[in-house]
Amino acid sequence: KKKNAKYWARSRKVDNIEQEKTLELLEKFKAMKNYLQKTPVNDEEAVEALVREGVRKLEEIISDVGSIGVWLEALQEIISPPAPVEPVEENPKKKAPPPPKGKAAEDKNVDAGLPLPSSGISTLYLCIDHRFINLPWETLPFLSVVPIISRDFSLITLDSRLATTSNFTKDTLKFAIERLQDPKTKEISDKLAQDFTTAKFEGIRQADPGQWEKLCSESSLFFNLISEGIEEQTVTSLSSSPLCRCIVNLERFIMLKKYVKKNKAREHPIPELFSMMGCASVVNNTWPILSKNAVEFTAGLWKGLTSNQSVGGAMFRYRHDAANI
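Everything numeric in this text was worked out from a predicted model, so none of it was measured.

### Overview of the confidence of the model for the chain
Inference 1: Mean pLDDT for the chain: 84, with 88% of residues reaching 70 or above.
Inference 2: With pLDDT under 50 throughout, residues 102–107 is counted as low confidence; its partners more than four residues away or in other chains account for 3 contacts.

### Some points on the packing of helix α1 (residues 16–38) against helix α2 (residues 44–68)
Inference 1: One way to put it is that α1 packs onto α2 with a least axis distance of 10 Å and a crossing angle of 165 degrees. When the interaxial angle is binned, α1 and α2 end up roughly antiparallel. The element α1 and its partner α2 pack so that their crossing is left-handed. Every residue of α2 that contacts α1 at Lys21, Thr22, Leu25, Lys28, Phe29, Met32, Tyr35 and Leu36 is listed here: Leu50, Glu53, Gly54, Lys57, Leu58, Glu60, Ile61, Asp64, Val65 and Ile68.
Inference 2: Looking at side-chain class alone, the contact of α1 with α2 contains 10 nonpolar, 2 polar and 6 charged residues.

### Some words on the packing of aromatic side chains
Inference 1: According to the stated counting rule, one finds 10 aromatic pairs in the structure shown.
Inference 2: Three or more aromatic residues link up through ring pairs in this structure, and these residues are Phe175, Phe196, Phe201, Phe223 and Trp302.
Inference 3: In this structure, Lys57 packs its charged tip against the face of Tyr35, placed 5.0 Å from the ring centre.

### A short note on the sheet that holds strand β3 (residues 173–177)
Inference 1: On the basis of which strands lie adjacent, the open sheet formed by 5 strands has the order β4-β3-β5-β6-β8 and parallel pairing. Of all the strands in the sheet, just β4 (202–204) and β8 (281–284) have a single pairing partner and so form its edges. Averaged over all pairs of adjacent strands, the angle between their axes in this sheet comes to 10 degrees, without regard to strand direction.
Inference 2: Direction of pairing for β3 relative to strand β5 (residues 221–225): parallel, over a ladder of 5 bridges. Within β5, the position partnered with Leu173 by the bridge is Leu221.
Inference 3: Each of β3 and β5 touches helix α6 (residues 183–198); the most contacted strand, β3, lies at about 160 degrees to it.
Inference 4: Contacting β3, β4 and β5, helix α7 (residues 211–218) crosses the sheet at an angle of about 150 degrees to β4.

### Remarks on unusual backbone geometry
Inference 1: The phi dihedral of Lys200 is positive, around 75 degrees, even though this residue is not glycine.
Inference 2: Of note, Lys200 is situated in the loop between α6 and β4.
Inference 3: Phi angles above zero are rare outside glycine, and Arg252 is one such case at about 55 degrees.
Inference 4: Tracing the backbone through its elements, the reader meets Arg252 in the loop between β6 (246–250) and β7 (253–254).

Reading the values: the criteria
Residues numbered from 1 in each chain as written. Predicted model: local features only at pLDDT ≥ 70, side-chain atom pairs only at ≥ 80, totals over all residues. Heavy atoms only, no water. pLDDT = per-residue confidence, 0-100. Contact = heavy atoms within 4.5 Å. Axes fitted to C-alpha atoms, helices over the stretch in contact; angles between N-to-C directions. Helix = DSSP H or I, 4+ residues; strand = E, 2+ residues; numbered from the N terminus. Parallel < 35°, antiparallel > 145°, perpendicular 65-115°, else oblique. Left-handed = near helix turned anticlockwise from the far one by under 90°. Nonpolar A, V, L, I, M, F, W, Y, C, P; charged D, E, K, R; others polar. Phe/Tyr/Trp six-rings, centres within 6.5 Å; stacked < 30°, edge-to-face > 60°. Lys NZ or Arg CZ within 6 Å of the ring centre and 35° of its normal. Pairing = 2+ DSSP bridges.

This is how it looks when you write it as structure tokens:
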């Protein structure tokens with residue numbers, strides 16, 4: 001489809017002070033993720049205390065991102081330009097007829113009702129150096145007015161994604177939802193799996209060798225909630241197979257110590273791995289989250305997709321259901 005698109009590019013030299021600040025922030029961000037993932041918790045009070053401290057650390061990081069993201073402020077002129085003063089017409093023209101009904105109207109109304117800045121921009125793609133891409137840039141006040149913010153590694157990969165259709169056929173919707181043992185999460189995760197099964201999804205409740213790869217290669221949209229994550233070798237083994245067009249991958253859950261499994265080691269993060277393999281859209285948590293929030297977010301995202309919303313639009317409307325995604 002033809003879309004009204006604009007781009008803004010800037011290349012600038014980073015001085016030594018900025019380099020030091022950015023490297024310190026990256027280490028701080030890494031330390032926060034390790035703190036949430038590796039701190040053992042033995043009861044619910046400890047979980048709540050861990051999350052509170054994680055939120056405090058995250059707020060500090062968000063504040064630091066504001067200090068190193070000043071160079072992005074030039075985008076504000078594109079995103080939120082002053083509203084033009086429209087002349088008053090003596091003989092106003094008649095209003096255009098209402099849009100046609102049917103599929104054409106449905107396509108046009110995808111994500112209708114999203115709050116937009118004065119520019120009318122609904123989606124912002126950030127192509128930032130891969131070393132800094134996971135920092136929470138969307139929290140910058142002048143960017144957060146755009147409802148859908150996506151990240152990519154380059155204009156080349158972005159162009160490839162946009163050329164891939166995002167339509168999902170019902171017979172290619174798949175899921176892998178782990179049988180979570182946490183009593184607070186088990187009931188809602190079981191219900192989500194049952195809802196997907198009722199909706200004619202094909203899925204599994206544990207990542208058995210061979211089954212996971214089969215589902216991922218045969219799906220257009222793949223929901224993957226596996227607490228210990230996916231091994232890099234498992235993903236790269238699909239290099240000779242078709243791959244899902246969109247994966248919703250939530251992992252590295254904050255749980256009581258007795259329920260935690262050993263995380264699968266990876267050299268590359270999930271978005272990078274799946275992008276290299278040709279996946280057009282990757283939804284992934286960049287730091288550990290509560291398993292309950294992961295399940296609720298997935299249910300909310302699916303509800304949005306069944307209500308004529310894009311993946312980005314559904315995320316905007318339901319992201320408040322999952323803490324820190």
